[in-house]
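Breakdown of the fold
If you want the building blocks of each chain, they are given just below.
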There are 2 protein chains.
Amino acid sequence: MIIDFNDLELNVAQNFKGGEKEYVSRRFVDENNKIMLGTLEPGASIGYHSHDADSEVIYLLEGEAAVLYDEGEEMLRAGQAHYCPMGHSHSLINRSDRAITFLAVVPTHNK
Amino acid sequence: MIIDFNDLELNVAQNFKGGEKEYVSRRFVDENNKIMLGTLEPGASIGYHSHDADSEVIYLLEGEAAVLYDEGEEMLRAGQAHYCPMGHSHSLINRSDRAITFLAVVPTHNK
């Protein structure tokens, strides 16, 4: 099946997972996967959270983001992916002066 | 963790899953996910195959591709995703005159 994100409802989450400002996304969800096209404006973030029964792949399409991952901090650039394996924790922070856009896939592994 | 695809070995598979020509990719693999940056040149394809214990998300970064999905055929354009849920079958075909590039995530769900 084709997922055209333009056909999906715009979802605006305030302080998502305890982050700053708004996480704006269009999302497809079924029993095994969440598939999202997400945006964070400058100063916005997704708060630090753990993936206990799922994982997350974030492919950065535009911009530059900071990632807190377990005990460290990483820089994520367009064309790179950030991977949070099951059992790990992360957050995504836009400290830059332009919006970031990313594809995120959150698969469930323990059924 | 950051996945910089440029740091990963270039993998060239001939007639992948019974497809035409070469499937060129750089891939990160662990026990729960395959995360790939893939390319198909004009005339190249990934053959029709089923996903029985996993699924696949293909986000098209560049170009236009034909997708066989279960009984039908779909067109996939840059900025759209193709999703093959667990229990379904698909293939990816480049019938255009320029290369296609895509991010593919193959998560395992039945552990």
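The following refers to the structure shown. Since the structure is predicted, the reported quantities are computational estimates derived from the model, not experimental observations.

Let's talk about the pairing of strand β5 (residues 45–51) of chain B
Residues and elements named next belong to chain B.
- Extensive coverage of β5 is indicated by the burial of five of its seven residues.
- Where β5 and strand β10 (residues 88–93) come together, five bridges link them in antiparallel fashion. Counterpart to His 49 in the pairing with β10 is His 90.

Considering the pattern of salt bridges
Residue and element names in this part refer to chain B.
- Taken as a whole and assessed by the stated rule, the structure comprises four salt bridges over all chains.
- Across the pair Glu 64 and Arg 77 runs a salt bridge whose closest N-O atoms are separated by 3.5 Å. Of this pair, Glu 64 sits in strand β7 (residues 64–69) while Arg 77 sits in strand β8 (residues 72–77), and the two are 13 residues apart along the sequence.
- Judged by relative accessible area, Arg 77 falls into the partly exposed class, the value being 40%.

With respect to the side chain of His 82 of chain A
Residues and elements named next belong to chain A.
- Position of His 82 relative to the elements: it lies in strand β9 (residues 81–84).
- Accessibility expressed as a relative area gives 1% for His 82, which makes it buried.
- Side chain to side chain, His 82 and Glu 74 meet in a polar contact 3.5 Å long.

What to know about the interface of chain A and chain B
- In this complex, chain A contributes 32 residues to the contact, which on the side of chain B involves 32 residues.
- In this assembly, chain A packs against chain B so that about 2,700 Å² is buried in total across both faces, 62% of it on carbon and sulfur atoms.
- Ranking the residues of chain A by area buried against chain B places Met 1, Ile 2 and Tyr 83 of chain A at the top, with a combined share of 26%.
- Counting across the chain A and chain B interface gives zero salt bridges.
- The interface formed by chain A and chain B contains 18 residue pairs in polar contact (both at pLDDT 80 or more).
- Looking at the side of chain A that touches chain B, the elements that each hand over two or more residues are β1 (2–3), β4 (33–40), β6 (56–62), β8 (72–77), β9 and β11 (100–107) of chain A.
- Broken down by class, the residue content of the side of chain A that touches chain B amounts to 20 nonpolar, eight polar and four charged.
- Of the strand pairs in this sheet, β1 of chain A and strand β9 (residues 81–84) of chain B are connected by two bridges, and their pairing is antiparallel. Of the residues in β9 of chain B, the one forming a bridge with Ile 2 of chain A is His 82 of chain B.

Digging into the nonpolar core
- Ile 35 and Leu 103 of chain A together with Ile 35 and Leu 103 of chain B are the most contacted members of the largest nonpolar core, which has 20 residues in total.
- Breaking this core down by element, the ones donating at least two residues are β6, β9 and β11 of chain A together with β6 (56–62), β9 and β11 (100–107) of chain B.
- In contact with Leu 103 of chain A, not counting residues within four places along its chain, are Phe 5, Ile 35, Met 36, Val 57, Ile 58, Tyr 59 and Leu 61 of chain A together with Tyr 59 and Leu 103 of chain B.

Overview of the packing of aromatic side chains
- Applying the stated criterion to the full structure yields eight aromatic pairs over all chains.
- When the ring of Phe 16 of chain A is compared with that of Tyr 23 of chain A, the centres are 5.1 Å apart and the planes differ by 40°; the resulting orientation is tilted.
- Each ring, one from Phe 28 of chain A and one from Tyr 83 of chain B, has its centre 5.4 Å from the other, and the planes form 65°; the classification is edge-to-face. Residue Phe 28 of chain A is found in strand β3 (residues 22–29), and its partner Tyr 83 of chain B is found in strand β9; the two belong to separate chains. With respect to burial, Phe 28 of chain A and Tyr 83 of chain B carry one shared label: buried.
- Clustering of aromatic rings is evident, with ring pairs tying together Phe 16, Tyr 23 and Phe 102 of chain A.

Examining the sheet that holds strand β10 (residues 88–93) of chain A
Residues and elements named next belong to chain A.
- In space, the four strands of this open sheet follow the order β5-β10-β7-β8, with antiparallel pairing throughout. Pairing within the sheet leaves two strands with one partner each, and these edge strands are β5 (45–51) and β8. Here the average twist between neighbouring strands, direction ignored, is 20°.
- Where strand β7 (residues 64–69) and β8 come together, six bridges link them in antiparallel fashion. When the sheet's bridge partners are listed, Ala 66 is paired in β8 with Met 75.

What counts, and where the lines are drawn
- Residues numbered from 1 in each chain as written.
- Chains lettered and ligands numbered in written order.
- Predicted model: local features only at pLDDT ≥ 70, side-chain atom pairs only at ≥ 80, totals over all residues.
- Heavy atoms only, no water.
- Buried < 20%, exposed > 50% of the residue type's maximum accessible area, 1.4 Å probe, protein only.
- Helix = DSSP H or I, 4+ residues; strand = E, 2+ residues; numbered from the N terminus.
- Pairing = 2+ DSSP bridges.
- Salt bridge = Lys/Arg side-chain N within 4 Å of Asp/Glu carboxyl O.
- Polar contact = N/O pair within 3.5 Å; in protein donor to acceptor, adjacent residues only side chain to side chain.
- Contact = heavy atoms within 4.5 Å.
- Buried area = accessible area lost by both parts, 1.4 Å probe.
- Nonpolar A, V, L, I, M, F, W, Y, C, P; charged D, E, K, R; others polar.
- Core = buried A, V, L, I, M, F, W, Y, C linked by side-chain atoms within 4.5 Å.
- Phe/Tyr/Trp six-rings, centres within 6.5 Å; stacked < 30°, edge-to-face > 60°.
- Axes fitted to C-alpha atoms, helices over the stretch in contact; angles between N-to-C directions.

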